[in-house]
Amino acid sequence: MTKVLNGIAASDGIAAAKAYMLVQPDLSFEEKTIDNPDAEIERLSAAVETSKQELEVIKQKATENLGAEEAQVFEAHLTILSDPELFGQINDKIKNDKVNAEAALKSVTDMFIQMFEAMEDNAYMQERAGDIRDVTKRVIGHLLGVSIPNPALINEEVVIVAHDLTPSDTAQLDRNFVKGFITDIGGRTSHSAIMSRTLEIPAVVGSGNATSEISEGQMVIIDGLDGQALVEPTDEELEDYKARAKAFADQKAEWKLLKDAKSVTADGKEVKLAANIGTPKDVEGANDNGAEAVGLFRSEFLYMDASELPSEEDQFKAYKAAVEGMNGKQVVVRTMDIGGDKELPYLPLPEEQNPFLGYRAIRISLDRQDIFRTQLRALLRASHYGSLAIMFPMIATVQEFKDAKAIFEEEKAKLVADGVPVSDDIEVGMMMEVPAAAMVADKLAKYVDFFSIGTNDLIGYSMAADRGNEKISYLYQPYNPSILRLIKNTIEASHKEGKWTGMCGEMAGDQVAVPILLGLGLDEFSMSATSILKTRSLLKTLDSKKMEELADKAVNDCETADEVVELVNQYTK
Ligand code: PEP
Ligand code: MG
């Protein structure tokens, strides 16, 4: 019988393909005494050879899909596998201690890893330690006869099954082969979910048990509209899936007709619909989906895609490409938002009990001004080539905003003094993600040019409910009147000072929330590019005056999120 797994709908669309298990295999082994060292050395050498062949394929794929720079890490792995000194020591250990290849390999590589890791302020050696660890895993896998999955090796249509996908795993997925994915953990606003929407890959996250319920090669239907997966479906279910996939494609084709239309309500009120992007490459998707601006460029992906801090020049090129690609339409770049679930392998952050409440985002930038100033200079230089705005993530206090803005002004003045062309009208704003900041929005509004409400974090912090934890996802309530009040407070405060407010959290593209946000006076809705056209289509059916009435009732009369949903249904039917 078909097995049904329920999770959270993370990315629209329906797909069916064979399961590819992206899970780490069990690499445990026992240390054994052996009597034929030569045979053991031979066995190791065969495993090394197979690993090399595999790495050649991965390297080539990575070069094609991600570029030569990204592929360098695999070159480093290949170099390690050809290191005579390292393998000399391992072979000696097999001969002298008469231990099996797994044990000899692990013991020698552990020694090198510890030695490199001890060089704490040497990022290069730290990275080499990581490389040796990865390579060792691969060779041990081959010695044990188990394969290590790697998305780069996928060469047929699959549905990926994983416990979790990191943003960098997700970035490596090849859309030609990866038709969908399902994970055990994560929520709709975890970063892998956000990226799946950018890549237009149907996805279900937070299913709880996909990795234990699905096996390699089983047929799986991923229903990213309803948040379900069907394992080993019947023929009828497959037929049904095809019909629904077609209906979804037809719907999308209809929305496409609105690509160049204005974002306007039934009674003629205009708003701006913008796209969230992670890299300059996403600009194409933003334009294809009729984005009127980029409301959020998550600049940290530039840092996450690199093996060291990106230089001013590399960042300048990326920001310039984005503003030029948008052809005069505004691009709001958020300064580096690292921490929480976004890590940089080359910038180790302290172990923290609550990373989401810890050293992250603007807190790092104000502390590591070397990194911050480099980014600001790159942004300032790029501002000359189009319409660029800057915003700071996770601002909690007026002082933080003032400090960040002051550093921006200093860098701007230096560039101007050096004769570097810099735009005169760069808007500088902030993300509204911390409830404390939303409570003093009236004070902040005096200093900012705009607010951009980051509901993904704002909801999490307001409800004290981790955005990626599916166990408490019931508390993740965008429509709760408490959240609506924080949003209202923010929008009103900005308008009183003649400033504007956008929203770049996922709520901005939520079809139940849009009518309320319109009624609250939100100026810009920034979302995954793939949600723009359906939102434009929805706006055409709404009357702005009626939505003001709806918003007023939702904020003042409703007690629960459910009551708000009920109200939206009444007002939009
Ligand atoms: C948010 O918090 O709503 C937001 C847009 O930022 P991120 O999802 O990158 O944390
Ligand atoms: Mg955020």
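In this numbering scheme, every chain counts its residues from 1 along its sequence in written order. Labels follow written order: the first chain is A, the first ligand is 1, and so on. Note on the predicted model: pLDDT of at least 70 is required for a residue's local features to be given, and 80 or more for side-chain atom pairs to be given and counted; whole-chain, interface and lining totals, by contrast, use all residues. Think of the side-chain values as coming from all heavy atoms in the structure, minus any hydrogens and water.

Q: Describe the overall build of the protein chain, and please don't skip the residues or the numbers.
A: Looking only at helices and strands, the protein chain features 23 helices and 16 strands. Computed over C-alpha atoms, the radius of gyration of the protein chain comes to 26 Å, within 12% of the 25 Å expected from 2.2 N^0.38 for 573 residues, which places it in the range of a compact globule. With the principal axes as the frame, the protein chain shows a C-alpha extent of 85 × 70 × 40 Å. Only protein chains enter the accessibility calculation, which uses a 1.4 Å probe. A residue is then buried if its area is under 20% of the maximum for its type, exposed if over 50%, and partly exposed in between. Here the protein chain holds 573 residues, and the buried ones make up 53% of them. Helix numbers and strand numbers start at the N terminus; a helix is a DSSP run of H or I with at least 4 residues, a strand a run of E with at least 2. Radius of gyration here is computed from C-alpha atoms only, and the compact-globule reference equals 2.2 Å multiplied by the residue count raised to the power 0.38.

Q: Just give me the short version of the domain arrangement of the protein chain, but keep the residues and values in it.
A: Along its sequence, the protein chain is organised into domain 1 (3-23 + 151-253), domain 2 (37-144) and domain 3 (257-572). Measuring from the centre of the C-alpha atoms in domain 2 to the corresponding centre in domain 3 gives 43 Å. Here the limits of each domain have been adopted from an automatic or database domain assignment.

Q: An account of the packing of aromatic side chains is requested, with residue identities and associated values reported.
A: When the centres of two rings from Phe, Tyr and Trp lie within 6.5 Å, Trp using its six-membered ring, the rings pair. Their planes under 30 degrees apart give stacked, over 60 give edge-to-face, and anything left gives tilted. Following the criterion strictly, the structure yields six aromatic pairs and no others. Here, a charge over a ring is recorded when the distance from Lys NZ or Arg CZ to the ring centre is within 6 Å and its angle to the ring normal is within 35 degrees. One residue, Lys320, lies across the ring of Tyr385, its end atom 4.8 Å from the ring centre. Note that Arg381 overlies the ring of Phe316, its terminal NZ or CZ placed 4.1 Å from the centroid.

Q: Lay out helix H23 (residues 561-572) with the relevant residues and their values.
A: To estimate how far a helix should reach, multiply one less than its number of residues by 1.5 Å. Here H23 spans 17 Å end to end across twelve residues, near enough to the 16 Å set by a 1.5 Å rise per residue. All buried positions along H23 are accounted for by Ala561, Val564, Leu567, Val568 and Tyr571. For H23, the buried positions fall inside an angular range of 115° around the axis, keeping them on one side. In this structure, the buried residues of H23 make contact with helix H19 (481-496), helix H20 (513-520) and helix H22 (544-556). This arc is taken over the directions from the axis of the helix to the C-beta atoms. What makes two residues a contact is simply this: any of their non-hydrogen atoms within 4.5 Å.

Q: Account for the site of ligand 1, naming residues and giving values.
A: By convention in this text, a residue qualifies as near a molecule or strand provided that one of its non-hydrogen atoms is within 4 Å of it. Around ligand 1, the surrounding shell holds 16 residues, and the nearest of these are Arg298, Arg334, Gly454, Asn456 and Arg467. Definition of a polar contact: a pair of N or O atoms within 3.5 Å, with one able to donate and the other able to accept a hydrogen when the atoms are protein atoms, and with sequence-neighbouring residues admitted only if both atoms are side-chain atoms. For ligand 1, an oxygen atom lies 2.7 Å from a polar atom in the side chain of Arg298. Asn456 has a polar backbone atom sitting 2.8 Å from an oxygen atom of ligand 1. A total of 290 Å² of accessible area belongs to ligand 1 in isolation, and the protein chains cover 100% of it. The Shrake-Rupley method, run with a 1.4 Å probe sphere, supplies the accessible areas, and residue values consider only the shown protein chains as cover.

Q: Any details on the nonpolar core? Residues and values, ideally.
A: Formed by 104 residues in total, the largest nonpolar core has its most connected members in Tyr319, Leu388, Phe392, Met430, Met432, Ile487 and Phe525. Considering every element that reaches this core, the biggest residue donor is helix H14 (residues 369-382), with seven residues. Among residues more than four places away in sequence, those in contact with Met430 are Met391, Phe392, Ile395, Phe401, Ala437, Leu444, Val448, Phe450, Phe451 and Ser452. Ranked by size, the runner-up nonpolar core spans 36 residues in total, among them Leu78, Leu105, Ile148 and Ala152. Only buried Ala, Val, Leu, Ile, Met, Phe, Trp, Tyr and Cys residues count toward a nonpolar core, and they belong to the same one when joined by side-chain atoms within 4.5 Å.

Q: Which residues make up the coordination of the magnesium ion (ligand 2), and what values do they have?
A: Any N, O or S atom lying within 2.8 Å of the metal counts as a donor, and for Na, K and Ca the limit rises to 3.2 Å; water is left out, so some sites can look incomplete. Distances from the magnesium ion (ligand 2) to its protein donors, Glu433 (OE) and Asp457 (OD), fall at 2.0 Å. Here the residue Glu433 occupies a position in the loop between strand E13 (427-432) and helix H16 (435-439), and Asp457 occupies one in helix H18 (residues 455-463), the gap between them amounting to 24 residues. Given the relative accessible area of 2%, Glu433 is considered buried.

Q: I'd like to hear about the sheet that holds strand E8 (residues 228-231), residue by residue, with values.
A: Paired strands, in this sense, are two strands between which DSSP finds at least two bridges. Across the sheet, which stays open at both edges, the eight strands sit in the order E1-E8-E7-E3-E4-E5-E6-E2 with mixed pairing between neighbours. The open sheet is flanked by strand E1 (3-6) and strand E2 (8-11), the only strands paired with a single partner. When the angles between neighbouring strand axes are averaged without regard to direction, this sheet yields 30°. Inspection of the sheet shows strand E5 (residues 178-183) paired to strand E6 (residues 203-205) by two bridges, in the parallel sense. Its bridge partner lying in E6, Ile182 is registered against Val204. Each of strand E3 (14-21), strand E7 (219-223) and E8 is contacted by helix H9 (residues 235-256), which is oriented at about 125° to E3, the strand it contacts most. A fitted line through C-alpha atoms represents every axis, and for helices the fit uses only the stretch in contact; the resulting angles, taken between N-to-C directions, go from 0 to 180 degrees.

Q: Would you mind going over empty space enclosed by the protein in detail, with residue names and values included?
A: Definitions used throughout: a 1 Å grid over protein atoms alone; a cavity as a set of points that fits a 1.4 Å probe which cannot get out; a pocket as an open set with protein on both sides within 12 Å along at least five of seven lines; a lining residue as one with an atom within 4 Å of a point. Grid points are joined across faces, edges and corners, and a volume is the space filled by probe spheres set on the points. Tallying each qualifying case throughout the model produces four cavities of 30 Å³ or more. Taken together, 14 residues form the lining of the second largest cavity, with Arg298, Arg334, Met431, Glu433 and Asn456 sitting closest to its centre.

Q: Describe the sheet that holds strand E10 (residues 294-298), and please don't skip the residues or the numbers.
A: The eight strands lie next to each other as E9-E10-E11-E12-E13-E14-E15-E16, forming a closed barrel whose pairing is parallel. This sheet shows a mean twist of 25° between the axes of neighbouring strands, independent of strand direction. Direction of pairing for strand E15 (residues 500-503) relative to strand E16 (residues 524-528): parallel, over a ladder of two bridges. Looking across to E16, one finds that Met503 is bridged to Phe525. Most of the contacts of helix H21 (residues 532-539) go to strand E9 (residues 272-277), to which it runs at about 165°, and overall it touches E9 and E16.

Q: Which residues make up the layout of surface pockets, and what values go with them?
A: Any empty space left between the atoms is revealed when a probe the size of a water molecule rolls over them. Considering only enclosed or pocket space, the second largest pocket measures out at about 1100 Å³ in volume. Every residue lining the second largest pocket is counted, 49 residues in all, and those nearest its centre are Ala9, Ala10, Ser11, Asp12 and Arg188. Top contributing element to the lining of the second largest pocket by residue count: H9, with seven residues. Classes in brief: Ala, Val, Leu, Ile, Met, Phe, Trp, Tyr, Cys and Pro nonpolar; Asp, Glu, Lys and Arg charged; the others, Gly included, polar. For the lining of the second largest pocket, the per-class residue count stands at 22 nonpolar, 14 polar and 13 charged. Two domains each donate at least three residues to the lining of the second largest pocket, and these are domain 1 (3-23 + 151-253) and domain 3 (257-572).

Q: Mind laying out the pairing of E7, listing which residues take part and the relevant values?
A: Burial within E7 is extensive, with four of its five residues counted as buried. Note that E3 and E7 share five bridges and pair antiparallel. Note on E7: the bridge partner recorded for Ala15 is Ile222. Between E7 and the antiparallel strand that follows it, E8, lie four residues; Gly227 among them carries a positive phi value of about 70°.

Q: Quick one: what's the story with unusual backbone geometry, residue by residue and with numbers?
A: Of note in the backbone geometry, Ala361 takes a positive phi value of approximately 50° without being a glycine. Among the structural elements, Ala361 can be located in the loop between strand E11 (331-334) and helix H13 (362-367). Looking at Ala361, the relative accessible area reads 0%, which means it is buried. Even without glycine at this site, Ala464 takes up a positive phi of about 50°.

Q: Which residues make up H19, and what values do they have?
A: With 16 residues, H19 extends 22 Å from end C-alpha to end C-alpha; this agrees with the ideal 22 Å at 1.5 Å per step. The positive-phi residue at the C-terminal boundary of H19 is Gly498, with phi of around 75°.

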